[in-house]
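Results of the structural survey
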Amino acid sequence: MSKSFVFYFILALGLLLVLSGNISKILSSPSSLSNYIFDRNIPQDGIGEIKIHQPEGIELDSQGNLYVNDIEPNSIKKFSKNGSYLLSWGSTGSGNGQFNHPHGNEIDIDGNVYITDQNNARVQKFNSDGKFITKWGTHGTGDGEFLHPHGIAVDSKGYVFVSDRDGANIQKFTSNGTFVTKWGSEGTGDEQFIQPWDVAVDSNDLVYVPDYGNNRIQIFTNNGTFVRTWGTLGTEDGRLN
C-alpha cells in the first residue's frame, strides 16, 4: 500500500468524522505515515451543552480541570483533565450567575472561579461547582468601577487584579471584592496604558500587564509601584506587534 494512498484515506476519514459531528485529534509518528491513530473526541463548534461555540478565556485548577468561557451562549464550561465534560453554568443576562460576554477567568488556591463579565462591567465569583458567591463592579470610572473589565489574576494572598481595558488601569481587590487600590491612566509613559489587555501574577506576586496599544509589557509590585518595562513596536526579537 502506497504512502499517498494511506494519507488520502486518513484525510477522507477525518473529514467524514467532522461532518458526522465529531472532531478527532490525530496522533502520528514522524517516521511513518501509516502509524496514525484516532485518539479521542473533543467538543466541536456548536451551542449544545458540551459543545463550545466561541471560547474566549481558559484556566486550569490545581486538579487539572479546565474551565472555558464560552461567550456566545454566555456560559462557563468545566472539563476534566482528560477532556470529559463535567458541568456548565450561566446564561445571557445581568442577574447573578448570568453573563454578557464573559472574557477573563482565574481560579484561586481554594478552587473559586473569578470571571470578568465584560459588558455587565463587573466581576463574578463562583465555587468550583458553579455556585454563585458574590459579585462586584458597575459601569463607571470610579474606584471599583469598570468601563471594560478584561483580564483577571489572583495572587498568593488571594488579592484579585482586574485590567480595565478601556479605563486604562489595573484595580486590586480583596477576594470578596473590596476595593484596595488602582493604578494607571491612558498614555505612553511608565504606569500608563493603551488598552491593558490582560494581567498576570508570578510566584513573587509581581504583576505583569500586556500594554496592548503600546506594544510592551509592564511589571509592577503588588501595590502598583512601577518596576520595569520592555518591548516596542516591531517584528525583531524582543519587539511586539
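Further up the page is the structure itself.
Next up on the list: the overall build of the protein chain. Scanning the protein chain from terminus to terminus reveals one helix and 20 strands. Scored against the burial criterion, the 241 residues of the protein chain give a buried share of 40%. Summarising the internal contacts of the protein chain: among those between residues at least 6 apart in sequence, 34% fall at separations of at least 24.

Time to look at the pattern of salt bridges. Note that side chains of opposite charge can pair when their charged atoms are close. Per the counting criterion, the structure on display carries seven salt bridges. Salt-bridge contacts for Asp 70 lead to Lys 77; the nearest nitrogen and oxygen are separated by 3.1 Å. The exposure class of Asp 70 is buried, given its relative accessible area of 0%. Residue classification places Lys 77 among the buried residues on the basis of a relative accessible area of 4%. Between Asp 205 and Lys 157 there is a salt bridge whose closest N-O contact spans 3.2 Å.

Our next topic: the packing of aromatic side chains. Applying the stated criterion across every chain, the model contains 14 aromatic pairs. On the numbers, 6.5 Å between centres and 65° between planes, the contact of Tyr 114 with Trp 136 is edge-to-face. One end of the pair, Tyr 114, is in strand E8 (residues 113-117); the other, Trp 136, is in strand E10 (residues 132-136), and 22 residues separate them in sequence. An identical accessibility class is assigned to Tyr 114 and Trp 136; each is buried. Every member of this aromatic cluster is reached through a ring pair, and the members are Tyr 67, Trp 89, Phe 99, Phe 126 and Phe 132. Taking the ring centre of Tyr 159 as reference, the NZ or CZ of Lys 172 above it sits at 4.3 Å.

This part covers the sheet that holds strand E13 (residues 169-173). Strand order in the open sheet formed by four strands is E11-E12-E13-E14, with antiparallel pairing between adjacent strands. The open sheet is flanked by strand E11 (149-154) and strand E14 (179-183), the only strands paired with a single partner. Averaged over all neighbouring strand pairs, the angle between strand axes comes to 20°, with direction disregarded.

This brings us to the environment of Pro 102. Residue position: Pro 102 is located in strand E7 (residues 102-107). A relative accessible area of 0% means that Pro 102 is categorised as buried. Residues Pro 102 and Asn 69 lie 33 residues apart in sequence; the distance between their C-alpha atoms is 6.1 Å. Once residues within four sequence positions are removed from consideration, Pro 102 is found in contact with Glu 56, Asn 69, Asp 70, Ile 71, Asn 74, Ser 75, Ile 76, Ile 115 and Thr 116.

As summarised here, the arrangement of the four strands in space is E7-E8-E9-E10, forming an open sheet in which the pairing is antiparallel. Both outer strands of the open sheet, E7 and E10, are each paired with one neighbouring strand and no more. Neighbour-to-neighbour, the strand axes of the sheet open up by a mean angle of 20°, direction not taken into account. Relative to E8, E7 is paired through four bridges, and the arrangement is antiparallel. The partner of Pro 102 across the bridge, within E8, is Asp 117.

Our focus in this paragraph is the side chain of Gln 124. For Gln 124, the position within the fold is in strand E9 (residues 122-126). A polar atom in the side chain of Gln 124 sits 2.6 Å from the backbone oxygen of Gln 98.

Among the five residues of strand E4 (residues 66-70), four are classified as buried, and the element is accordingly described as predominantly covered. Summarising the sheet, strand E3 (residues 55-60) and E4 pair through four bridges and their orientation is antiparallel. Residue pairing in the sheet places Leu 60 in a bridge with Leu 66 of E4. Between E3 and E4, which follow one another and run antiparallel, lie five residues, and Gly 64 among them has a positive phi close to 90°. Here E4 folds back onto strand E5 (residues 75-79) in antiparallel fashion, the turn holding four residues, of which Asn 74 has a positive phi close to 55°.

About the criteria used
Residues numbered from 1 in each chain as written. Predicted model: local features only at pLDDT ≥ 70, side-chain atom pairs only at ≥ 80, totals over all residues. Heavy atoms only, no water. Helix = DSSP H or I, 4+ residues; strand = E, 2+ residues; numbered from the N terminus. Buried < 20%, exposed > 50% of the residue type's maximum accessible area, 1.4 Å probe, protein only. Contact = heavy atoms within 4.5 Å. Salt bridge = Lys/Arg side-chain N within 4 Å of Asp/Glu carboxyl O. Phe/Tyr/Trp six-rings, centres within 6.5 Å; stacked < 30°, edge-to-face > 60°. Lys NZ or Arg CZ within 6 Å of the ring centre and 35° of its normal. Pairing = 2+ DSSP bridges. Axes fitted to C-alpha atoms, helices over the stretch in contact; angles between N-to-C directions. Polar contact = N/O pair within 3.5 Å; in protein donor to acceptor, adjacent residues only side chain to side chain.

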